[in-house]
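Fold and geometry: a report
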Amino acid sequence: MGGLGFMGYLSLLSETLYGSWNPVWANVVLGLISAVVDNIPVMFAVLSMAPDMSEGNWLLVTLTAGVGGSLLSMGSAAGVALMGQARGIYTFAVHLRWMPAILLGYAASIATHLWINASMF
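Now for a quick tour of the structure.

How each quantity is defined
Residues numbered from 1 in each chain as written. Predicted model: local features only at pLDDT ≥ 70, side-chain atom pairs only at ≥ 80, totals over all residues. Heavy atoms only, no water. Patch = residues over 30% accessible without salt bridge, like charges linked within 9 Å, V, L, I, M, F, W, Y side chains within 5 Å. Areas by Shrake-Rupley, 256 points an atom, 1.4 Å probe, with all protein chains shown as cover. Salt bridge = Lys/Arg side-chain N within 4 Å of Asp/Glu carboxyl O. Helix = DSSP H or I, 4+ residues; strand = E, 2+ residues; numbered from the N terminus. Buried < 20%, exposed > 50% of the residue type's maximum accessible area, 1.4 Å probe, protein only. Polar contact = N/O pair within 3.5 Å; in protein donor to acceptor, adjacent residues only side chain to side chain. Contact = heavy atoms within 4.5 Å. Axes fitted to C-alpha atoms, helices over the stretch in contact; angles between N-to-C directions. Parallel < 35°, antiparallel > 145°, perpendicular 65-115°, else oblique. Left-handed = near helix turned anticlockwise from the far one by under 90°.

Let's talk about a nonpolar patch on the surface
Taken together, the side chains of V36, M74, V80, F92 and L96 define a hydrophobic patch exposed on the protein surface, amounting to about 400 Å² of accessible area. Note that L96 resides in helix α6 (residues 92-116).

Below you can see the structure in the form of structure tokens.
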């Protein structure tokens, strides 16, 4: 597996998640992964795999990748740009103070989506 490269590892990860897990849980975990890896390559790996999912799960993966990417400042381009522009003012540690609130919003957005769009699953 040494020669896979970054996108190869993401593809392998998405195949593992969507090949053996319930898509709802796979999407939730993928959102958490997007906190560390920018959501664009994460979504590219999922789209490249094209797992057979319901419309509700496709909407869920976009929700979790977007909101999950904000859990850590390095998981979103906006967070990285803000840290670059506000050097010394907005740091990784400052962002971590907001992580519990963002995590609560992450869980609440998933629960709300599953409730409101239950017919799409």
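Brief notes about the side chain of S34
Take S34: it is sitting in the loop between α2 (23-33) and α3 (39-49). A residue is classified by how much of its surface remains accessible, and S34, at 0% relative accessible area, is buried. Engagement of the side chain of S34 in a polar contact is seen with the backbone oxygen of G31, the distance being 2.7 Å. Apart from residues lying up to four places away in sequence, S34 is in contact with N39, V42, T64, A65, G68, G69 and G75.

What about the packing of α2 against α6?
Where α2 meets α6, the axes come as close as 12 Å, and the angle between the chain directions of the two elements is 155°. In terms of orientation, α2 and α6 fall into the roughly antiparallel class. Between α2 and α6 lies a crossing whose hand is right-handed. When α2 is examined against α6, the residues V24, N27, V28, G31 and L32 are found in contact with a partner set consisting of Y106, I110 and L114.

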